[in-house]
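If you want the building blocks of each chain, they are given just below.
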Amino acid sequence: MSTSPTGPQPPAPPIPLTELLASKDLSLRRIAGPAEAELFWVHTSEMADPYPYLLGGELLLSAGVLLTDPDRYVARLVEAGAAALGFGVRPVYEAVPDALVEACDRHGLPLLEVGPETPFTAIARAVWRLMAEARHRELRRVTRAQQALATAAARPDPVPAVLHQLATQLGGRAVLLTARGEEVHASGRRPPPEAAAALTRLARVVARERPGSPASATDTHGSTHLAAYALGDGEGLVLALATRQRESGDHTVAGIAVVLLSLLAAPHQGADAADRSAALVRLLLGASPEEVAPLLAPTGPWTVIHARRTDGTTPDALTSGALGASLGSALVDAGRNDDDTVRVLLPPATDQAPPQEADDQAPPQEGARPASSHPRAGEEPDKAPTVSPHPGWTLGVSAPTPLSALASADLRAARALAHAEATRTPLTADTPTTGLAALIPPDRAAAHARALLAPLTPPLADTLRCWLSLHGSWDRTAVALSVHRNTVRQRIGRCAQLLDVDLNDMDVRTELWFALRQE
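Cut-offs and rules
- Residues numbered from 1 in each chain as written.
- Predicted model: local features only at pLDDT ≥ 70, side-chain atom pairs only at ≥ 80, totals over all residues.
- Heavy atoms only, no water.
- Helix = DSSP H or I, 4+ residues; strand = E, 2+ residues; numbered from the N terminus.
- Buried < 20%, exposed > 50% of the residue type's maximum accessible area, 1.4 Å probe, protein only.
- Contact = heavy atoms within 4.5 Å.
- Phe/Tyr/Trp six-rings, centres within 6.5 Å; stacked < 30°, edge-to-face > 60°.
- Lys NZ or Arg CZ within 6 Å of the ring centre and 35° of its normal.
- Pairing = 2+ DSSP bridges.
- Axes fitted to C-alpha atoms, helices over the stretch in contact; angles between N-to-C directions.
- Parallel < 35°, antiparallel > 145°, perpendicular 65-115°, else oblique.
- Left-handed = near helix turned anticlockwise from the far one by under 90°.
- Nonpolar A, V, L, I, M, F, W, Y, C, P; charged D, E, K, R; others polar.
- Polar contact = N/O pair within 3.5 Å; in protein donor to acceptor, adjacent residues only side chain to side chain.
- Salt bridge = Lys/Arg side-chain N within 4 Å of Asp/Glu carboxyl O.
- pLDDT = per-residue confidence, 0-100.

Here we take up the overall build of the protein. For the protein, the count of helices and strands is 16 helices and 18 strands. When each of the 519 residues of the protein is scored for burial, the buried share is 44%. The long-range share in the protein, meaning contacts at least 24 apart out of those at least 6 apart in sequence, stands at 65%.

Shown next, in the form of structure tokens:
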């Protein structure tokens, strides 16, 4: 039986033998051997033994000028990896020799009868034309697949979306596995259990748990084609594929997916992994955040971001990491079992462009509540990172904060997220203290706030703060706090009683808002 060539291959994909036989103007007829074969080249030779000059995968054309031993001749062609033999009748032979037909049937080599009216050059020209058409089809398919995969990578759930699109493009199963064979994400029709087990074993071959592991591997289990690719910087993650057939361009499409998944699953973006490990060890051993922060990023204001999926689903670690990467940070908390909130610690930006003048500033994105453009005293305006809405996510962003106040920034980011969900906006940013409020010394403002709000318990203070930020809306406050609207009314009424104020008075609301902003 003919085999696939192992030597260099042409840049165009091979063409099936059946396509060449379908060309009616060539008058070719298969008279022996299997019907299926893939043609990589066309070569003409009248040598008694052309073996040394074959690369494999050729349609060899010959008129049998030096044919003396058909069986040995065919055996040598098969040994060289020839795909098929085209035998031209006349002027040497009036018909294809019976011994050659029997030899091709015996060795499993397709034998074509080439009529006297068909020149060998016409066959070669037809093969190259079919290869060019196949190459064009392959390029169009790969381009469409690349666009579809890139679009999927931009979705809120990029890893599952890329796997789904890859499974659709290849018409099979796409699985993301750990080095131990555990399934992280999968899409597409499941292969038979035996093929699935073989795919898991193949994935372990390329999992980079030991030096020298190959980057990719392929296998076949029955009629199922298997392939596994190691993800670069993916901490042992492997992309495994199972398809019913293998088409030209599949490897290229899979390679595009490998690049995208490697970027999406990368454990770090910017901060070096060794520095992050050192920072964690020092924190566990008692170091303060101020001491370890230089290992993660330059000194400067940090931003805390709280995020939740707009569809209410709980994001996994890879999806959360992809969000962090798109925001420009590797410091991501993917959430706890009882909380679907993703927290991202955004380091100060180091390559921000100089701030534009007010007249040149672009308008904010629709639906976003941007932070104030006036930083706190002593902060550099070009160090505050810019956060924009992300489709599929609702974000709450704290104001740029020094390391000593990260706990407060975390609380403010949580409040901003609750505000964004209540108002159905994709992003709400907590604004720094500016304007008249910034003229009051912080210590005096904090002392006044503590005295004014002393009668309130923390739940009452949080409710009052949220209610004032939403302009007294009962329904939106209930949504933000995840309580019933009647509970909000009861708490606000209790606040008015304890503070002995009229909350319908704008001056009272303003003073309370100023005090609540100090916390």
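Resuming the write-up.
Once that is clear, we can look at the packing of aromatic side chains. One pass over the full model with this rule turns up 2 aromatic pairs. Both rings, one in Trp467 and one in Trp474, keep their centres 5.4 Å apart while their planes meet at 35°; by these two values the pair is tilted. For Trp467, a relative accessible area of 3% gives the class buried. If you follow Arg76 out to its NZ or CZ, it ends over the ring of Tyr51, 4.0 Å from the centre.

With that settled, the discussion passes to the sheet that holds strand S12 (residues 238-243). Read across the sheet, 5 strands follow the order S9-S8-S12-S11-S10 without closing on themselves; strand pairing throughout is antiparallel. Strand pairing shows two members of the sheet lacking a second neighbour, strand S9 (183-187) and strand S10 (216-221), which therefore form its edges. If you compare each strand with its neighbour and ignore which way they point, the axes differ by 15° on average. Sheet topology places strand S8 (residues 172-177) next to S12; 6 bridges connect them, and they run antiparallel. For Ala174, the partnering residue across the bridge sits in S12 and is Leu241.

Right, let's talk about the packing of helix H13 (residues 458-469) against helix H14 (residues 474-481) for a bit. The N-to-C vectors of H13 and H14 enclose an angle of 130°; their axes lie 9 Å apart at closest approach. Relative to H14, H13 is oriented oblique. As for the relative orientation of H13 and H14, their crossing is right-handed in sense. Residues Thr463, Cys466 and Trp467 of H13 form the contact with H14, whose own contacting residues are Trp474, Thr477, Ala480 and Leu481. Among the residues forming the contact of H13 with H14, the class breakdown is 5 nonpolar, 2 polar and no charged.

Our focus in this paragraph is the environment of Asp25. As for its position among the elements, Asp25 is in the loop between helix H1 (17-21) and strand S2 (28-32). Counting along the chain gives 101 residues from Asp25 to Ala126, while the straight-line C-alpha distance between them is 9.7 Å.

The subject of this paragraph is the pairing of strand S5 (residues 58-62). Burial runs high along S5: 5 of the 5 residues are buried. In S5, alternate side chains face the same way, and those of Glu58, Leu60 and Ser62 on one face and Leu59 and Leu61 on the other are all buried. Note: strand S4 (residues 41-44) against S5, 4 bridges, orientation parallel. The partner of Val42 across the bridge, within S5, is Leu59. In the sheet, S5 pairs with strand S6 (residues 84-88) via 4 bridges, with the strands oriented parallel.

In this structure, Ser187 sits in strand S9. Overall, the relative accessible area of 11% leaves Ser187 in the buried class. Within polar-contact distance, the side chain of Ser187 engages the side chain of His164 at 3.3 Å. Sequence-distant contacts of Ser187, that is, excluding residues within four places in its chain, are made with Leu163, His164, Ala167, Gly172, Arg173 and Ala174.

Within this structure, the stated rule accounts for 18 salt bridges. Of the charged contacts in the structure, one is a salt bridge between Asp49 and Arg76, with a shortest N-O distance of 3.0 Å. Here Asp49 is found in the loop between S4 and S5, whereas its partner Arg76 is found in helix H2 (residues 70-80), with 27 residues between them in sequence. A salt bridge links Arg155 to Asp157, with the nearest nitrogen and oxygen atoms 3.7 Å apart. Overall, the relative accessible area of 47% leaves Arg155 in the partly exposed class. Linked by salt bridges that have partners in common, Asp49, Arg76 and Glu79 make up one network.

Further remarks concern the confidence of the model for the protein. Looking at the protein, the pLDDT average stands at 81 and 83% of residues meet or exceed 70. Residue range residues 351-382 is modelled with pLDDT below 50. Its contacts to residues more than four positions away, or to other chains, number 38 contacts.

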